[in-house]
Amino acid sequence: MRIGVNNDVCSGCRVCEVICSLRQFKENNPKKAAIRVKGHFPAPGKYEIKFCDQCGECFNSCPVGAIKEENGHYRIEPDECTGCLVCVETCPKGVVFTHPDLTAPFKCTLCGDCLRYCPTNALYDLDGEVAKR
Amino acid sequence: MSKLYGYGGTILRIDLTTGEIRKEPTPEKLCREYLGGRGFVAKLEWDEVAPGTDPLSPGNKVIMAPGPLSGVLLPGSGKCEFGAKSPQTGGYGDSNVGGHLAPEVKYAGYDAVIIGGAAAKPTVIVIDDDKVTLVDGSKYWGKGCIEAEAMIKKDFGEDFQVATIGPAGENLVKYAIISHDFGRQAGRTGVGTVLGSKKVKAIAVRGTKSIPLAQPDKVYEKAKQMFDRCFSLPGFKEWTPYGTAGVTDWVNEVGSFPTKNFWTGYFEDYKKINGPSLRERILVTDKACFNCPIPCGKYSKTKTSKGEVYVEGPEYETIGMMGGNLLLGSIEEIAYVNYVADELGIDTISGGGVLAFAMECFEKGVITEREAGRKLLFGDLDSACYLLEKIAKREGIGDVLADGVRAAAAKLGKGSEKYAIHVKGLEISAYEPRYAPAMMLAYMTADVGAHHNRAWAITYDVQVGRDTLEGKAKRVIELQHIRPLFDTLGLCRLQWVEIGFELSHYAELFPLVTGINYMWDDLLNISERIWNLTRAYSIREIEGFGRDHDYPPPRFYEEKVPTGPAKGKGLTMDDLNRLLDDYYALRGWDSKGIPTGRKLRELGLDYVAEALGR
Ligand code: SF4
Ligand code: SF4
Ligand code: SF4
């Protein structure tokens, strides 16, 4: 499974954000989501999905090896993380996030919930393992 | 006290006169008895706005309240209620806005924000989690709603959710809106006017907290099931492409489309202003409120003789009130007027009613070209835009029209009362009800004045027969309890109304989120309590309020529908009285439309019974 994105059909509903936080943290809080949707209004009236494509730059940048590679995704191990935030700065897409409650940053772990529940198929599975609706 | 799940936990009070900001824990009793959103607004208006307060004086309060389910993962959880004593009707006022405001208020930790007093100079209320500040808003004063929103997001941060008023709100036009998310509005009853009277240009909110859930694992599972159910319903694919504009054809086919100031119920050009014209000709993107799977927001770019602009919409109400009702037969032109009204901060429903009233007054010679400053013509984009500008600035004829059709007719005289299409001082929204008795009764009895959202009963008329009065009151009452419940829980109702998503889902989710073991009937019972409270509020505030305030304008019982599918149809005064008699009896109200002491006590409104001497 890999996340594919079609910004043109995104409606900005942010189901992806909330389901991500509920899945990862068991908390209902889009500020704890590893995916974000940004609106560009009033012009040109478009949404832009900020998502992780598992490029691995964060993994390469972590000075203490706290980011692990697992089945096609990278995961930050909070217990090993020193909170230096180098990964946050390195991420070319700006999708390694922080939250005031948390000492370690967090990122997408490719659980697939957002693309399964995106109502518009703006998020979909590039590998086609999750069927489009 | 046990922990409040589903709630932010705090009520925020702002006194603009003294600059004092106070926080208090949200009382559990208030949550259990009034739930949130509209329920909080109704209870707080009753308790905190002293009887007899002038709606535009510092004593009035604007209350902003999300609901217990706002911001929670479920279809359509982005609705925020605004309330204030209405400057339009003098009675209970509230209005609801979608977008992303309600969730953000919850993430900042608040269940209600109570804004009282009045600031000395233009102000922006900035709520950044626990930090609340009153910031000088002079640089935004005079700007359009959307222009100001863009500026404020740039200045304070793109992750703020922002509500603004426009020049109309600043200049105390009685039907001024509160705007949010570049084209969503709390449009009705003049909530924006009251904010303007307090010199509040905008409210900006940012929150980083989690909403506490009683059973997070179960909420996660139930929410997924709710989305899957929405995806599987046929309406998910059929209704969504056109949103509310999709109903334009049907309303014309049943002869209930407001046309030429509600002169008739059918507009020949309706195919040029319907859902497909919107989608094919001007759509830029679908635009959803928070967590909505069926985005009714249609963000557009329109080009007319007056220029090219972006606008959210037009949605159905605007198509009705500024299309058919003004005889504008082009989706581009309607979208343009929509843009002008949105930037100026004028409600397109009341605004459409007022413009049509002015055009009919011009046609009938009540307003002359000299008084108006130009010709005011149906079907003319220039006339419409000219009037909106004049109204927003309260210049010339605009000053008279800025008070709404009831007040304008009283001032203009010359029989213009006949062209003032309103109930209780609130202009009627976009369903022509002469051949839809349940819809007529819905307008007559809606607590805020003639508004469709309390009971969209026209579908019931069409379903069970439009010539009969039988059973109509019963259905209207049912709807008046179900529909406002969404405003109380902080949710959108369109998933239920438009694609048939079942009500039972909300009842199942509610205890998982809040830990309060209410069944659907308990929630409906609270909704009935709130309905009686808002009625009582208007009784308390308006001298002699009752049955006389529940009649529609004379056009609706003196004139038959002249053209279209409903041609020759209409209701008589006897019909209206029969509808009201049925309605009052079923509600437990007396023949004057006043709730009985017994009914009030049965609903736990003893304090209301006492205040009304019942
Ligand atoms: S795949 Fe999972 S972890 Fe990654 S953004 Fe989507 S919901 Fe969040
Ligand atoms: S769930 Fe899909 S449509 Fe909604 S904001 Fe996310 S990407 Fe856009
Ligand atoms: S149906 Fe429309 S109003 Fe309701 S939540 Fe969806 S976008 Fe908002």
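Residues numbered from 1 in each chain as written. Chains lettered and ligands numbered in written order. Predicted model: local features only at pLDDT ≥ 70, side-chain atom pairs only at ≥ 80, totals over all residues. Heavy atoms only, no water.

Trainee: Tell me about the overall build of chain B, and name the residues and values.
Mentor: Counting its regular elements, chain B contains 27 helices and 17 strands. Dimensions of chain B, computed from C-alpha atoms along their principal axes, come out at roughly 65 × 55 × 50 Å. Expressed as a percentage of the 614 residues in chain B, the buried residues total 67%. Within chain B, contacts between residues at least 6 apart in sequence are counted, and of these 70% link residues at least 24 apart. As presented, chain B carries roughly 19,000 Å² of accessible surface, and 49% of it is formed by carbon and sulfur atoms. (Helix = DSSP H or I, 4+ residues; strand = E, 2+ residues; numbered from the N terminus. Buried < 20%, exposed > 50% of the residue type's maximum accessible area, 1.4 Å probe, protein only. Contact = heavy atoms within 4.5 Å. Areas by Shrake-Rupley, 256 points an atom, 1.4 Å probe, with all protein chains shown as cover.)

Trainee: Run through the site of ligand 1, naming residues and quoting values.
Mentor: The environment of ligand 1 is formed by I3, C20, Q24, I35, C108, T109, L110, C111, G112 and C114 of chain A. Per-class residue counts for the shell around ligand 1 are seven nonpolar, three polar and no charged. (Near = heavy atom within 4 Å. Nonpolar A, V, L, I, M, F, W, Y, C, P; charged D, E, K, R; others polar.)

Trainee: I'd love a proper account of the interface of chain A and chain B, names of residues and values included.
Mentor: The interface is formed by 33 residues belonging to chain A together with 40 residues belonging to chain B. Buried area between chain A and chain B, both sides added, is near 2,900 Å², and the carbon and sulfur share of it is 59%. If you look at where chain A meets chain B, you find two salt bridges. The closest approach of N and O atoms between K26 of chain A and D217 of chain B, which form a salt bridge, is 2.7 Å. On the surface where chain A and chain B come into contact, there are 19 residue pairs in polar contact (both at pLDDT 80 or more). Top element by residues in the side of chain A that touches chain B is helix α1 (residues 15-25) of chain A. It accounts for five residues. When the residues that make up the side of chain A that touches chain B are grouped by side-chain class, the tally is 15 nonpolar, six polar and twelve charged. (Buried area = accessible area lost by both parts, 1.4 Å probe. Salt bridge = Lys/Arg side-chain N within 4 Å of Asp/Glu carboxyl O. Polar contact = N/O pair within 3.5 Å; in protein donor to acceptor, adjacent residues only side chain to side chain.)

Trainee: I'd like to hear about the packing of aromatic side chains, residue by residue, with values.
Mentor: Residues and elements named next belong to chain B. If you walk through the whole model with that rule in mind, you get 28 aromatic pairs over all chains. Ring geometry for F227 versus F231: centroids 6.3 Å apart, planes at 40°, classification tilted. Highlighted residues: F227 and F231, both in helix α7 (residues 216-232), separated by four residues, approximately one helical turn. Across this residue pair, the class does not change: F227 and F231 are buried. Aromatic pair Y336 and Y339: ring centres 5.8 Å apart, planes at 55°, arrangement tilted. Of this pair, Y336 and Y339 are both found in helix α12 (residues 331-344), three residues apart, which corresponds to roughly one turn of the helix. (Phe/Tyr/Trp six-rings, centres within 6.5 Å; stacked < 30°, edge-to-face > 60°.)

Trainee: Account for the site of ligand 3, naming residues and giving values.
Mentor: Residue and element names in this part refer to chain B. Close to ligand 3 lie K79, R184, A288, C289, C292, I294, P295, C296, C492, L494 and Q495, which account for all nearby residues. Residue classes in the shell around ligand 3 are distributed as eight nonpolar, one polar and two charged. Three or more residues apiece are contributed to the shell around ligand 3 by two domains, here domain 2 (237-426) and domain 3 (433-500 + 518-612). (Domains from an automatic or database assignment.)

Trainee: Before we move on, could you go through the environment of G169 of chain B and cite the residues and values that matter?
Mentor: All names here are of chain B. Position of G169 among the secondary structure elements: in helix α5 (residues 167-170). Of the residues examined, G169 reaches a relative accessible area of 0% and is grouped as buried. When the C-alpha atoms of G169 and E315 are compared, they prove to be 22 Å apart, with 146 residues separating the residues in sequence. Setting aside its immediate chain neighbours within four residues, G169 contacts A176, G192, T193, G196 and L344.

Trainee: So, unusual backbone geometry: which residues are in play, and what are the values?
Mentor: Each neighbour pair has its own omega, and for F41 of chain A with P42 of chain A the value is 5°, a cis peptide bond. Residue P44 of chain A is reached from A43 of chain A by a cis peptide bond, and omega for that bond is 5°. Following the sequence through the fold, P44 of chain A ends up in the loop between β2 (36-40) and β3 (46-50). Look at K199 of chain B: it is not a glycine, yet its phi comes out positive at around 60°. Relative to the elements of secondary structure, K199 of chain B occurs in the loop between α6 (191-197) and β12 (200-206). You will see that N291 of chain B, though not glycine, has its phi angle at about 55°, which is positive. Residue placement: N291 of chain B occurs in the loop between β13 (283-287) and β14 (297-304).

Trainee: Quick rundown of the domain arrangement of chain A? Include the residues and the values.
Mentor: Residues and elements named next belong to chain A. Taken as a whole, chain A is organised into domain 1 (1-51 + 109-123) and domain 2 (53-107). Counting residues at the interface gives twelve residues for domain 1 and 14 residues for domain 2. With both sides pooled, the region where domain 1 packs onto domain 2 buries about 1,100 Å², and carbon together with sulfur makes up 65% of that total. On the domain 1 side of the contact with domain 2, K32, F51 and T109 bury the most area, a combined 47% of that side's loss.

Trainee: Explain the environment of E253 of chain B to me, using residue names and the numbers behind them.
Mentor: All names here are of chain B. Residue position: E253 is located in helix α9 (residues 248-253). The sequence separation of E253 and L571 amounts to 318 residues, and the corresponding C-alpha distance is 19 Å. Excluding residues within four positions of it along the chain, E253 makes contact with Y270, K271 and P565.

Trainee: Residues and numbers for the sheet that holds β14 of chain B, please.
Mentor: Residue and element names in this part refer to chain B. Strand order in the open sheet formed by three strands is β13-β14-β15, and the pairing between neighbours is antiparallel. Both edges of this open sheet fall to β13 and β15 (307-312), since each of them pairs with a single strand only. For this sheet, the mean inter-axis angle between neighbouring strands, taken without regard to orientation, is 15°. For β13 and β14, the ladder comprises four bridges, and the chain directions are antiparallel. (Pairing = 2+ DSSP bridges. Axes fitted to C-alpha atoms, helices over the stretch in contact; angles between N-to-C directions.)

Trainee: Lay out helix α25 (residues 573-587) of chain B in plain terms, naming residues and giving numbers.
Mentor: Residues and elements named next belong to chain B. In this model α25 runs 21 Å from its N-terminal to its C-terminal C-alpha over 15 residues, within 8% of the 21 Å that 1.5 Å per residue would give. Three or more residues of α25 are buried, namely L576, L579, L580, Y583, Y584 and R587. Taken down its axis, α25 places every buried residue within 125° of arc, on the same side. Pointing more than 90 degrees away from the buried face of α25 are the exposed residues D574, A585 and L586. Residues of α25 that are buried in the fold lie against α18 (437-445), α20 (472-489), α23 (520-541), α24 (555-558) and α26 (597-602). Following α25 by one or two positions, G588 has its phi on the positive side, about 80°. (Expected span 1.5 Å × (residues − 1). Arc of directions from axis to C-beta.)

Trainee: Give me the domain arrangement of chain B: which residues, what numbers.
Mentor: Residue and element names in this part refer to chain B. In terms of domains, chain B is made up of domain 1 (10-206), domain 2 (237-426) and domain 3 (433-500 + 518-612). Domain 2 and domain 3 are separated by 25 Å when their C-alpha centres are compared. When domain 2 packs against domain 3, the two sides together hide about 2,600 Å² of surface, and 65% of this comes from carbon and sulfur. For domain 2, the biggest contributors to the area lost against domain 3 are W263, V423 and K424; these three give 25% of the whole. Seen at the junction of domain 2 and domain 3, the total is three salt bridges. Listed by contribution, the elements that provide at least two residues to the side of domain 2 that touches domain 3 are α9, α13 (348-363) and β16 (422-423). Broken down by element, the residue count for the side of domain 2 that touches domain 3 peaks at three residues, all from α9. Among the residues making up the side of domain 2 that touches domain 3, the classes are represented as 17 nonpolar, eight polar and seven charged.

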